[in-house]
Amino acid sequence: MFGPHVGKAMVLGGVAASLIVGCGKGSTASPGTGGSAAGAGGASAAGNGGAVGAAGISGAAGTPIDAGGDAPADDGGSAAGVCAQAPVPRRSTGTILELPFEAVFEGQPFVYGEANTVAPGQSVIPTNFRFYVSEVALIEPGNRSIAVDAVSASRGVLPYGVFLFNAESADAQTLRVLAPPGSYDGLSFVLGLTPACNQGSAAGRVFPLSADSQMTWPIPIGYLFLRYESVVTGAVDAGDGARVPRAIHMGGDIRNLNVPGGISVRVDGALSVPADGSVRKVVRVAMDQIFAGATSDVDLTGFPFAADADEIADGERLRRSGAGLPLFTFAP
Amino acid sequence: MPANPSAARRTNGHRRAAALAVALAAAGCGSSPSMPPPVPAPLVDDGVPAGFPAGTAASRAPADNALTEARAQLGKRLFFDTQLSRTREISCGTCHLADHAFSDPDAVSTGVDQRTGTRNAPALVNLAWGTSFFWDGRAATLEEQAGKPIENPDEMDLALADAVARVGADPTYARAFDDAYGGPVTEESLRKAIASFVRVLVSAGSPYDRHLRGDDGDFGDAERRGEALFLSEKAGCFHCHPAGTLTNEGFFNNGVYTDGGDAGRQIVTGRTGDTGKFKVPGLRNVAASAPYMHDGSLATLDDVLDHYTRGGNGNAFTDPTIQPLTLTADERADLLAFLGALTDPAFLSDPRWRALLD
């Protein structure tokens, strides 16, 4: 266990992390015990320069989320303040909605592990790309959100209610949710983790919150929410001010883990979920937009690790700007 | 002394075993025709390294190879049995030496007919919690892994079918397989038994483990500073070696690869971006498992620090988190102190891991 580390000066980038506001002893909740209830108000992190959090209470664009199922949502692992390894299912019936993620760059396939031309004379070979998805909801006409569980192919709720996309594994690229039949205008999710899941130690936790997720950061600054690494050939600086990041390590709001720090994502488009069988809708991951967010002109003054690692600074730029970017879209 | 270093190690190992036998006999613990054979010390225990995922080694075993004492004991016998090589000279334990955290002190191991491989024999420590095996991850389970060195022409060079025939001809093995797996030896049960032994090699008693449990008696200021540095962006070790497990089980190009060299993970996946990637090893007992890296090219931990200080060998496929470091002499000393605190002397000298005396 990591108990002895509580309150000690764990150092990241030469800065004592114990100095981070809100990242002290109170942030070391044990798995399943819920941790701090802070953030339950759907508080916006905008005041700290963060993305608008949607976890638990507020849906995309501030729409209310209806648990909408046949089980109390607040017993589940995805409710604010709780990170249960085995969340109580929101519903026992429904249709599997498969949402495979496919990376693109300016609309063209962005192939993992191979060279992708991103500018004349410049190519990118992605070598690591993974991200968490939490708090998935379907958006009904009228902007009402219906929270749904992320499930396995056998319909069991994923541990902690969390999906980890991993470009390295073909088995880890399709998000499945158990959806009530109906017609929807889109879906929403949080790119990241809820505050409760973002806190505490990976020790004792199972995948996808274990160390082999490759998404852990040293305590007490939470998990990586998105991890991207690459080999860039050609000029990194294309000369027009554009820059292709070699690595992006985005976490939550590492200055205050008690607030939702992930990026609230809304994907608009018609979704028809039949009563029987399954349905599949491809979700594109716009790498050009991720790069744009990671290299956007964001003032990181006061961000504790901006000067220590380019990948963390680029991750924080993405986190703060991502809510305003079309990072995810449905394929035509 | 044999000219072959591996043969020399085997000789030394046999000398140790003989000395242990003498010592046991002198202490009145030897066997005699009138006494039943000694009961071997149990191999399966409930140790879990600090900071690891919940669950014992037994709980990590696959459902079709539940970890039992009979299976682990059988696997131990097989692990140290030179019958499993074509020339009857090489066992798993020839290249995976307990004193060295079940790694090989040679950069690359010597197999049958003095053949040498291309990669360093990795340490076998806490693999019950592993998610893939070999430096390139080509085996998804310990059971899959266990048969490959037997068949590898540069290692033991024996078809598994031939290994089964040899083992099956021994009545004591036949009884042991029947006890452990309820039937005669098969390729599958042979691999499962060896995997069961590897699964019980749990190191959970280093000063670092005790530190994580709240006992800092052997974890002083230098170790603490080294730990903080290890987990800092300044050294960046945590990118691949997170606290607790000290491996994220991933594959990364850490700058050892040079053009035209061993392409590692790329050979398995075919992906260009996996060129020069190798499995991130756990670091329990790292000070005892020199030399380092997939090719054993770095002789000491000081050499490892030199490698990372210069940011690797400069290949284009090097992971972007590998950057030149600026470390003071004191910081290097602190890092080495921390890495030294990962040594579990009780594991390295555990008599349960020694070869059978007969």
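Refer to the preceding data block for the structure.
An account of the accompanying structure is given in this report. Computed from a prediction, not measured in an experiment: that's the story for all the values here. (Residues numbered from 1 in each chain as written. Chains lettered and ligands numbered in written order. Predicted model: local features only at pLDDT ≥ 70, side-chain atom pairs only at ≥ 80, totals over all residues. Heavy atoms only, no water.)

Looking only at helices and strands, chain A features three helices and 18 strands. For chain A, the proportion of its 332 residues judged to be buried stands at 58%. Taking the intrachain contacts of chain A between residues at least 6 apart in sequence as the baseline, contacts between residues at least 24 apart amount to 74%. Surface accessibility of chain A: about 11600 Å² in total, with carbon and sulfur atoms responsible for 53%. (Helix = DSSP H or I, 4+ residues; strand = E, 2+ residues; numbered from the N terminus. Buried < 20%, exposed > 50% of the residue type's maximum accessible area, 1.4 Å probe, protein only. Contact = heavy atoms within 4.5 Å. Areas by Shrake-Rupley, 256 points an atom, 1.4 Å probe, with all protein chains shown as cover.)

On to the overall build of chain B, then. Helix and strand counts for chain B stand at 14 helices and two strands. Relative to its 358 residues, chain B shows a buried fraction of 54%. For chain B, long-range pairs separated by at least 24 residues make up 66% of all intrachain contacts whose partners lie at least 6 apart in sequence. When the accessible area of chain B is evaluated, it comes to approximately 14500 Å², of which 56% is carbon and sulfur surface.

Applying the stated criterion to the full structure yields 38 salt bridges over all chains. A salt bridge links arginine 255 of chain A to aspartate 253 of chain A; its shortest N-O distance comes to 3.8 Å. Classification of arginine 255 of chain A by relative accessible area gives buried; the value is 19%. Across the salt bridge formed by arginine 354 of chain B and aspartate 99 of chain B, the nearest N and O atoms sit 2.9 Å from each other. Residue arginine 354 of chain B is found in the segment after α14 (345-348), and its partner aspartate 99 of chain B is found in the loop between α4 (92-95) and α5 (142-151); the two are separated by 255 residues along the sequence. One network of salt bridges, in which partners are shared, links Asp253, Arg255, Glu316, Arg319 and Arg320 of chain A. (Salt bridge = Lys/Arg side-chain N within 4 Å of Asp/Glu carboxyl O.)

Turning next to the pairing of strand β17 (residues 283-286) of chain A. All names here are of chain A. Bridge analysis of strand β4 (residues 95-105) against β17 gives four bridges, and the strand direction is parallel. Looking at the pairing, alanine 103 lines up with valine 285 of β17. Relative to strand β18 (residues 328-330), β17 runs antiparallel, the two being bridged by three bridges. Bridged to arginine 284 within β18 is threonine 329. (Pairing = 2+ DSSP bridges.)

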